[in-house]
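Secondary and tertiary structure notes
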Amino acid sequence: MTIAGSDPSGGAGIQADIKAISACGVYAEAVITSLTSQNTLGVQGVLNTPADVVRTQAESVLNDLGCDSMKTGMLPTSDIIETVADLIRRYTIPHVVVDPVAISTSGAKLISDEAIVSLRTKLIPLSEIVTPNLHEAEILSGVKIKTHSDYRQAADKILALGANSVLIKGGHLEDELLIDTLYCKDGRVFDYKNMRINTPNTHGTGCTLSASISAFLARGFELPEAVGLAIEYLHNAIKCGADNVCGKGHGPVHHFWNVWK
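Here's a quick rundown of the structure. Keep in mind that what you see is a predicted model, and the values were worked out from it rather than measured. (Residues numbered from 1 in each chain as written. Predicted model: local features only at pLDDT ≥ 70, side-chain atom pairs only at ≥ 80, totals over all residues. Heavy atoms only, no water.)

**Details of the overall build of the protein chain**
- What the protein chain contains, in helices and strands, is eight helices and nine strands.
- Taken against the 2.2 N^0.38 rule, which gives 18 Å for 261 residues, the C-alpha radius of gyration of the protein chain at 17 Å falls within 12% of a compact globule.
- Counting only C-alpha atoms and orienting by the principal axes, one finds that the protein chain spans roughly 45 × 40 × 35 Å.
- When the 261 residues of the protein chain are sorted by exposure, 54% land in the buried category.
- For the protein chain, contacts bridging at least 24 residues in sequence account for 66% of all contacts bridging at least 6.
- For the protein chain, the accessible area works out to roughly 11200 Å², and carbon and sulfur atoms hold 51% of it. (Helix = DSSP H or I, 4+ residues; strand = E, 2+ residues; numbered from the N terminus. Rg over C-alpha atoms; globule rule 2.2 N^0.38 Å. Buried < 20%, exposed > 50% of the residue type's maximum accessible area, 1.4 Å probe, protein only. Contact = heavy atoms within 4.5 Å. Areas by Shrake-Rupley, 256 points an atom, 1.4 Å probe, with all protein chains shown as cover.)

Put into structure tokens, the structure is as follows:
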């Protein structure tokens, strides 16, 4: 199940999640938290879903189909975050991937300051893994991240919030060698390395990665392997979508590279 906002351009949010989950071999369920008006150039408007409607969407699906793994994306208000946290507890969701969506690729702020507090105190403590980009890791941890050596301090702060693990993504650094690092509460650390692909087509990469991690967890992979498989899937989606002309700004990745090459 993905609980996130809608992107009508199809590159991020619920639409990207459904594509990624499906491409990774898992059935996708979707609960919409917000209707955004956006494209590859930016976000032009947002209409948030009432928290009680988020609840009834999720309950309808959970009471019928169940859920092997859940990922959360854009949760724009405190009420929605607290609703999702309650659902996770009541339905004992086995795997919870929290993508702390706060800022879009184009730089638009997507959630309120109050919601960030609720994210830190209500939802992250229930997560198996949190997947912030560097800007989101800075917001959650209060640590300024300029190089890979800063990851550890930020990760420790996020783990202290109650997360079981945190994957800090290096895509916003300017290094040619990108390092995503998984820090686990039990002390294990895993580095995943890829060379940068120079392309503007990076819309929805965070959504795609967290959704594919959730899919591989649903399929029964252990967390470090699920993360590795998801990073490999995303790297290929970026590579195969690098030359696509789709929109005038940050275009989408090729979610179905493994089906239609």
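**Remarks on helix H2 (residues 51-62)**
- Taking 1.5 Å as the rise per residue, H2 with 12 residues should run 16 Å; its terminal C-alpha atoms sit 16 Å apart, in good agreement.
- Within H2, burial applies to Ala51, Val54, Ala58, Glu59, Val61 and Leu62. The buried side chains of H2 occupy one side of the element, clustering within an arc of 165° when seen end-on. Every exposed residue of H2 that faces more than 90 degrees away from the buried side is listed here: Asp52 and Ser60.
- On the buried face of H2, the contacting elements are strand S1 (2-6), strand S2 (30-39) and helix H3 (78-91). (Expected span 1.5 Å × (residues − 1). Arc of directions from axis to C-beta.)

**Focus on the packing of helix H7 (residues 205-218) against helix H8 (residues 223-241)**
- Put simply, H7 and H8 touch, their axes get as near as 8 Å, and they point 140° apart. The angle between H7 and H8 places the two elements in the oblique class. The way H7 lies across H8 gives a crossing that is right-handed. Contacts between H7 and H8 pair Thr205, Thr208, Leu209, Ser212, Ile213, Phe216 and Leu217 from the former with Leu223, Ala226, Val227, Leu229, Ala230, Ile231, Tyr233, Leu234 and Ile238 from the latter.
- Residue classes in the contact of H7 with H8 are distributed as 13 nonpolar, three polar and no charged. (Axes fitted to C-alpha atoms, helices over the stretch in contact; angles between N-to-C directions. Parallel < 35°, antiparallel > 145°, perpendicular 65-115°, else oblique. Left-handed = near helix turned anticlockwise from the far one by under 90°. Nonpolar A, V, L, I, M, F, W, Y, C, P; charged D, E, K, R; others polar.)

**Focus on the pattern of salt bridges**
- Under the criterion given, the structure shown has seven salt bridges.
- A salt bridge links Lys71 to Asp17; the nearest nitrogen and oxygen atoms lie 3.1 Å apart. Taken together, the positions of Lys71 in strand S4 (residues 70-72) and Asp17 in helix H1 (residues 13-23) put the pair 54 residues apart, joining distant regions of the chain. With respect to burial, Lys71 and Asp17 carry one shared label: buried.
- Close ionic contact of Asp86 with Arg90 constitutes a salt bridge, the shortest N to O distance being 3.0 Å. On the criterion of helical spacing, the pair formed by Asp86 and Arg90 is a turn pair, its members being four residues apart in helix H3.
- Through salt bridges that share partners, Arg55, Glu59, Asp86 and Arg90 make up one connected network. (Salt bridge = Lys/Arg side-chain N within 4 Å of Asp/Glu carboxyl O.)

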